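Summary of the model geometry
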Amino acid sequence: MKLATFEDDKGKRLGIVKGDMLIDLSAFDPTFPTDMITYLSHGDTTGRKAKQANREVEATIPLSSVTLHAPVEDPRKIFCVGLNYADHVAETGRDKPENATWFTKPPTAIVGHDANVLKPAVSDMIDYEAELVVIIGHRCRHIAPEDALNAVAGYCCGNDVSVRDWQFRSPQFTIGKSFDTHGPIGPWLTTRDEIADPHALTIECRVNGAVRQKSNTEHLIFKIEHLIAELSAVMTLEPGDVIFTGTPSGVGVAMKPPQFLKAGDTVEVEIAGLGTLSNQMVTEDVTPYVK
Ligand code: ZN
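Residues numbered from 1 in each chain as written. Predicted model: local features only at pLDDT ≥ 70, side-chain atom pairs only at ≥ 80, totals over all residues. Heavy atoms only, no water.

1. Considering the coordination of the zinc ion
Each angle at a metal carrying four tetrahedral donors should ideally be 109.5 degrees, and each at a metal carrying six octahedral donors should ideally be 90 or 180 degrees. For the zinc ion, the full set of protein donor atoms is Glu-129 (OE), Glu-131 (OE) and Asp-160 (OD), at a range of 1.9 to 2.0 Å. Of note, the donors binding the zinc ion are all from one chain and are spaced E-x1-E-x28-D. The exposure classification of Glu-129 matches that of Glu-131, with both residues buried. (Donors = N, O, S within 2.8 Å, 3.2 Å for Na, K, Ca; no water. Buried < 20%, exposed > 50% of the residue type's maximum accessible area, 1.4 Å probe, protein only.)

In structure tokens, the structure reads:
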């Protein structure tokens with residue numbers, strides 16, 4: 001199934017994407033959870049109900065008539081891996097890492113398909129990173145790599161938007177990866193059962209229609225099973241947690257000369273079977289406020 005968080009004049013809720021139409025899960029069952037984390041936390045009960053709707057209900061809402069939000073809007077954890085494609089490691093001039101290079105993003109970075117990504121006033125070095133994103137579906141801890149995919153709810157496209165000067169001004173990437181809106185995910189969550197092999201997906205990034213990154217998830221250095229097992233050795237993973245798995249070569253900072261994103265640019269991330277995540281760059285409003 002392709003599970004979307006969407007909004008129209010009846011409010012925000014969950015739906016199943018069928019082509020260019022949606023099934024409204026709240027119309028099917030008014031008690032159905034209206035956010036993805038609650039949905040995932042209910043495990044098989046809601047999962048079975050969604051599958052029933054998927055079989056029995058006609059999709060009646062055109063996708064074009066709704067706003068798609070991030071499939072998981074307020075994840076409790078967002079972990080990202082730097083340097084996880086050999087070709088990208090080569091273009092950065094670094095050595096192939098012995099361990100996954102983990103960093104995080106805050107929940108305030110998350111936005112959905114078609115949302116604005118803010119070009120910060122403090123930098124002109126804004127870059128894209130097309131990434132396969134994993135959404136955790138089950139609370140888990142201490143799981144072995146061979147069991148790790150059982151914890152996965154599904155997958156979506158992600159853009160690990162990066163402010164390169166802030167990223168590289170200290171040995172820790174996190175601050176340059178944490179600007180508001182710099183973690184678009186979407187356009188929806190494709191459930192794990194629809195993706196036979198998450199390490200065999202073409203992945204592409206386009207800026208204003210021009211292809212900048214083109215690769216395949218088969219080139220991931222640290223596979224999804226490894227990433228989940230490693231995180232679960234450290235912490236409890238919970239439904240809705242988000243893992244950005246790293247980006248292939250072709251980032252703007254490695255181009256000669258470097259090409260950074262500007263206000264007005266459109267960035268698309270397309271992964272086979274997961275749809276296309278599109279976002280436009282706009283200049284941020286820097287009016288200070290305390291509320
Ligand atoms: Zn990245």
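Following the structure, the description resumes.
2. Digging into the packing of aromatic side chains
Tallied over the full model, the rule gives 5 aromatic pairs. Ring centres of Phe-79 and Trp-102 lie 5.9 Å apart, and the angle between their planes is 80°; on these two criteria the pair is classed as edge-to-face. Remark: Trp-102 occurs in strand S7 (residues 101–104) and Phe-79 occurs in strand S6 (residues 78–82); sequence separation between them is 23 residues. Their ring planes at 80° and their centres at 5.5 Å tell us that Trp-166 and Phe-179 sit as a pair that is edge-to-face. With Trp-166 in helix H5 (residues 164–168) and Phe-179 in the loop between H5 and strand S14 (183–191), this pair connects stretches of sequence that are 13 residues apart. These aromatic residues form a ring-pair network of at least three members: Phe-103, Phe-168 and Phe-173. The side chain of Lys-105 reaches across the aromatic face of Phe-244, ending 5.8 Å from its centre. (Phe/Tyr/Trp six-rings, centres within 6.5 Å; stacked < 30°, edge-to-face > 60°. Helix = DSSP H or I, 4+ residues; strand = E, 2+ residues; numbered from the N terminus. Lys NZ or Arg CZ within 6 Å of the ring centre and 35° of its normal.)

3. A short note on the nonpolar core
Counting residues in hydrophobic clusters, the biggest one holds 37 residues, and the most contacted among them are Tyr-155, Ile-228, Ile-271 and Leu-274. At 4 residues, the largest contribution of residues to this core is made by strand S11 (residues 130–136). If sequence neighbours within four positions are ignored, Ile-271 has contacts with Glu-131, Leu-132, Cys-156, Cys-157, Leu-201, Thr-202 and Ile-203. (Core = buried A, V, L, I, M, F, W, Y, C linked by side-chain atoms within 4.5 Å. Contact = heavy atoms within 4.5 Å.)

4. Quick notes on helix H6 (residues 224–234)
The α-helix advances 3.6 residues per turn, and as a result positions three or four apart in sequence lie on the same side. What H6 keeps buried is the set Ile-224, Leu-227, Ile-228, Ala-229, Leu-231 and Ser-232. Close packing links the buried residues of H6 with S6, S7, S11, strand S12 (152–159) and strand S17 (242–244).

5. Re the side chain of Thr-190
With respect to the helices and strands, Thr-190 occurs in strand S14. Classification of Thr-190 as buried rests on a relative accessible area of 0%. Beyond its immediate stretch of four places on either side in the chain, Thr-190 contacts Met-1, Lys-2, Ala-153, Gly-154, Tyr-155, Ile-195, Gly-273 and Leu-274.

6. Some remarks on the sheet that holds strand S15 (residues 202–207)
One open sheet holds the 5 strands; their spatial order is S9-S19-S18-S15-S16, and the pairing between them is mixed. Strand pairing shows two members of the sheet lacking a second neighbour, strand S9 (116–119) and strand S16 (210–216), which therefore form its edges. Between one strand and the next, the sheet's axes are offset by a mean angle of 20°, whatever the strand orientation. Where S15 and S16 come together, 6 bridges link them in antiparallel fashion. Bridged to Cys-205 within S16 is Gln-213. (Pairing = 2+ DSSP bridges. Axes fitted to C-alpha atoms, helices over the stretch in contact; angles between N-to-C directions.)

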